[in-house]
Amino acid sequence: MTDASRVLAALDTVRDPELDEPVTKLGFVASCTVSDNGVAEVRLRLPTFFCAPNFAFLMVADAYDAVSAVDGVTRTQVLLEDHFASDQINGGVAARAGFTQVFDGEAVDELGQLRSDFLRKAVMAGTDRVCRPLLTAGVAAEDLARMVLGEVPASGDLDRLRSRRTELGLPAGDDAPLLIDPATGAAIGVEALSLHLRRARITRVSLEANAVTCRDLFAQRYRSALANSEPVARFGVAT
């Protein structure tokens, strides 16, 4: 029998595309249960009723895929709650329909480009997270342009940067340049170094500020529910 903890572990891989943080860490998983016969039900909720439907669709679809891949899960239900497009998104994901099919007449294309755009932002923010400690430790900015990933001290931020670059098909091995253009994968030379580091810093600050705003909105919206919730009831095995 598959327990809910394994499904929750799978949901750790599902990220808010704009914030580049797991939905579990953000608190977006309202409940997660698995029945005795392997039916997994996950309920998601977002900071506002009007969160962008394309972001919401990506999270619900990614959650569906992640949960369905868990060994022992026989059927998956992912339900978005308290959102103006819940019915459309839930029905579309359950039917394995694309975003343009679900929002026919409103959406002009699928979400692959949107996902790539946010991954590039995540690479830029991750670049600042990795480079900032090096600069603080006294590494000259010019030396960063000559460094490869294998020369950077191991850290969670470095692992995260490698992962996002891999998702985009960008070089992420030990011999890959530390500083690259996230759109092309080309190494950043000394002449473009200052602008690149500035962009990386701005991207990180913007991303983290958005995360703070979303957390505040989420806390305000669900303060009562969070205060009165029972973790065992919310996350467990359904009978």
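Cut-off values and rules
- Every residue gets a number counted from 1 within its own chain, in the order that chain's sequence is written.
- Per-residue local features are limited, in this predicted model, to residues with pLDDT of at least 70; the limit for side-chain atom pairs, both in listing and counting, is 80 or more; totals at the level of whole chains, interfaces and linings are taken over all residues.
- No hydrogens and no water enter the side-chain calculation; it runs on all heavy atoms of the structure.
- Scored from 0 to 100, pLDDT records how confident the predictor is in each individual residue.
- Any two residues whose heavy atoms approach within 4.5 Å at even a single point are treated as in contact.
- A run of DSSP states H or I qualifies as a helix once it reaches four residues; a run of E qualifies as a strand once it reaches two. Both are numbered from the N-terminal end.
- Take the number of residues in a helix, subtract one, and multiply by 1.5 Å to get its expected span.
- Only protein chains enter the accessibility calculation, which uses a 1.4 Å probe; a residue whose area is less than 20% of its type maximum is buried, one above 50% is exposed, and one in between is partly exposed.
- Within this analysis, the arc is defined by the directions that extend from the helix axis to the C-beta atoms.
- Where each domain starts and ends comes from a domain assignment, either automatic or drawn from a database.
- Buried area: the accessible surface (1.4 Å probe) lost by two parts on joining, summed over both.
- Any carboxyl oxygen of Asp or Glu within 4 Å of a side-chain nitrogen of Lys or Arg constitutes a salt bridge here.
- For this analysis, a polar contact is any N or O atom pair within 3.5 Å, provided that within protein one partner can donate a hydrogen and the other can accept it, and provided that sequence-adjacent residues contribute only side-chain to side-chain pairs.
- Residues are grouped as follows: Ala, Val, Leu, Ile, Met, Phe, Trp, Tyr, Cys and Pro are nonpolar; Asp, Glu, Lys and Arg are charged; all remaining types, including Gly, are polar.
- Pairing between two strands requires that DSSP report at least two bridges joining them.
- A clockwise course of the path from the first strand over the helix to the second, judged with the strands pointing away from the viewer, identifies a crossover as right-handed.
- Fitted lines through C-alpha atoms give the axes, limited to the stretch in contact for helices. The angle between two N-to-C directions lies from 0 to 180 degrees.
- Oblique is the label for any angle not covered by the other classes, which are roughly parallel (under 35 degrees), roughly antiparallel (over 145) and roughly perpendicular (65 to 115).
- By convention in this document, the label disulfide applies to cysteine sulfur atom pairs within 2.5 Å.
- Side-chain rings of Phe, Tyr and Trp, where Trp is taken by its six-membered ring, are said to pair if the distance between their centres is within 6.5 Å; with planes under 30 degrees apart they count as stacked, over 60 as edge-to-face, and otherwise as tilted.
- Charge-over-ring placement is defined geometrically: NZ (Lys) or CZ (Arg) within 6 Å of the ring centre, and within 35 degrees of the ring normal.

Draft legend 1. Structural view of the confidence of the model for the chain. Mean pLDDT over the chain works out to 92, with 91% of the residues at or above the 70 mark. Ignoring residues within four places in sequence, the model shows residues 229-234, a span with pLDDT below 50, making seven contacts including any to other chains.

Draft legend 2. Highlighting helix 8 (residues 156-167). Between its terminal C-alpha atoms helix 8 stretches 17 Å, which fits the 16 Å expected from twelve residues at 1.5 Å a residue. Of the positions making up helix 8, those classed as buried are Leu158, Leu161, Arg162, Arg164 and Arg165. One side of helix 8 holds all its buried residues, which, seen down the axis, span an arc of 165 degrees. Residues of helix 8 that are exposed and point more than 90 degrees away from the buried face comprise Gly156 and Thr166. Of the surrounding elements, those touching the buried residues of helix 8 are strand 1 (15-16) and helix 6 (112-136).

Draft legend 3. Summary view of the domain arrangement of the chain. When the domains of the chain are assigned, the result is domain 1 (3-110 + 215-222) and domain 2 (112-210). For domain 1 versus domain 2, the distance between C-alpha centres works out to 29 Å. Contact with domain 1, which involves eleven residues of that partner, is made by eleven residues of domain 2. Of the roughly 1000 Å² buried where domain 1 meets domain 2, counting both sides, 49% is carbon and sulfur surface. The tally of links from domain 1 across to domain 2 stands at four salt bridges. We note a salt bridge from Asp20 to Arg164, for which the minimum N-O separation is 2.8 Å. Counting every contact that joins domain 1 to domain 2 gives four residue pairs in polar contact (both at pLDDT 80 or more). By residue number, the principal contributor to the side of domain 1 that touches domain 2 is helix 3 (residues 53-68), which donates four residues. Classifying every residue of the side of domain 1 that touches domain 2 by side-chain character gives four nonpolar, one polar and six charged.

Draft legend 4. Main features of the pattern of salt bridges. Applying the stated criterion to the full structure yields 18 salt bridges. Between Asp20 and Arg160 there is a salt bridge, with its nearest N and O atoms 3.1 Å apart. A residue pair is termed long-range when its members are at least 10 positions apart, and Asp20 in the loop between strand 1 and strand 2 (21-22) and Arg160 in helix 8 qualify at 140 residues. Note on Asp20: relative accessible area 4%, which makes it buried.

Draft legend 5. Fine view of the pairing of strand 4 (residues 39-44). Pairing of strand 3 (residues 29-35) with strand 4, which is carried by five bridges, proceeds in the antiparallel orientation. Paired with Val29 across the strands is Leu44, a residue of strand 4. Hairpin connection from strand 3 to strand 4: three residues lie between these consecutive antiparallel strands, with Gly38 at a positive phi of about 90 degrees. Of the pairings in the sheet, the one linking strand 4 to strand 5 (residues 75-80) comprises six bridges and is parallel in character. If you follow Val39 over to strand 5, its bridge partner there is Arg75. Note on the crossover from strand 4 through helix 3 to strand 5: the handedness is right-handed.

Draft legend 6. Summary view of unusual backbone geometry. In this structure, Asp20 is a non-glycine residue whose phi angle is positive, near 55 degrees. One non-glycine residue, Asp82, lies in positive phi territory at about 55 degrees.

Draft legend 7. Quick look at the packing of helix 3 against helix 6. Taken N-terminus to C-terminus, the directions of helix 3 and helix 6 make an angle of 90 degrees; their axes are 11 Å apart at the nearest point. On the basis of their axis angle, the class for helix 3 and helix 6 is roughly perpendicular. Within the contact between the two elements, helix 3 uses Asn54, Phe55, Leu58 and Asp62 and helix 6 uses Leu114, Arg115 and Phe118. The residue makeup of the contact of helix 3 with helix 6, split by class, is four nonpolar, one polar and two charged.

Draft legend 8. Summary view of the state of the cysteines. This model, assessed by the stated rule, comprises zero disulfides. The thiol of Cys214 is not disulfide-bonded; the next cysteine sulfur, from Cys51, is found 6.5 Å away.

Draft legend 9. Layout of the packing of aromatic side chains. With the rule as written, the count across this model stands at eight aromatic pairs. For the pair Phe49 and Phe50, a centre-to-centre distance of 5.0 Å together with 90 degrees between the ring planes defines the contact as edge-to-face. Three or more aromatic residues joined by ring pairs make a cluster, and in this case those are Phe28, Phe218 and Tyr222. Looking at Arg45, its charged tip hangs above the ring of Tyr222, at a distance of 4.4 Å from the centre.

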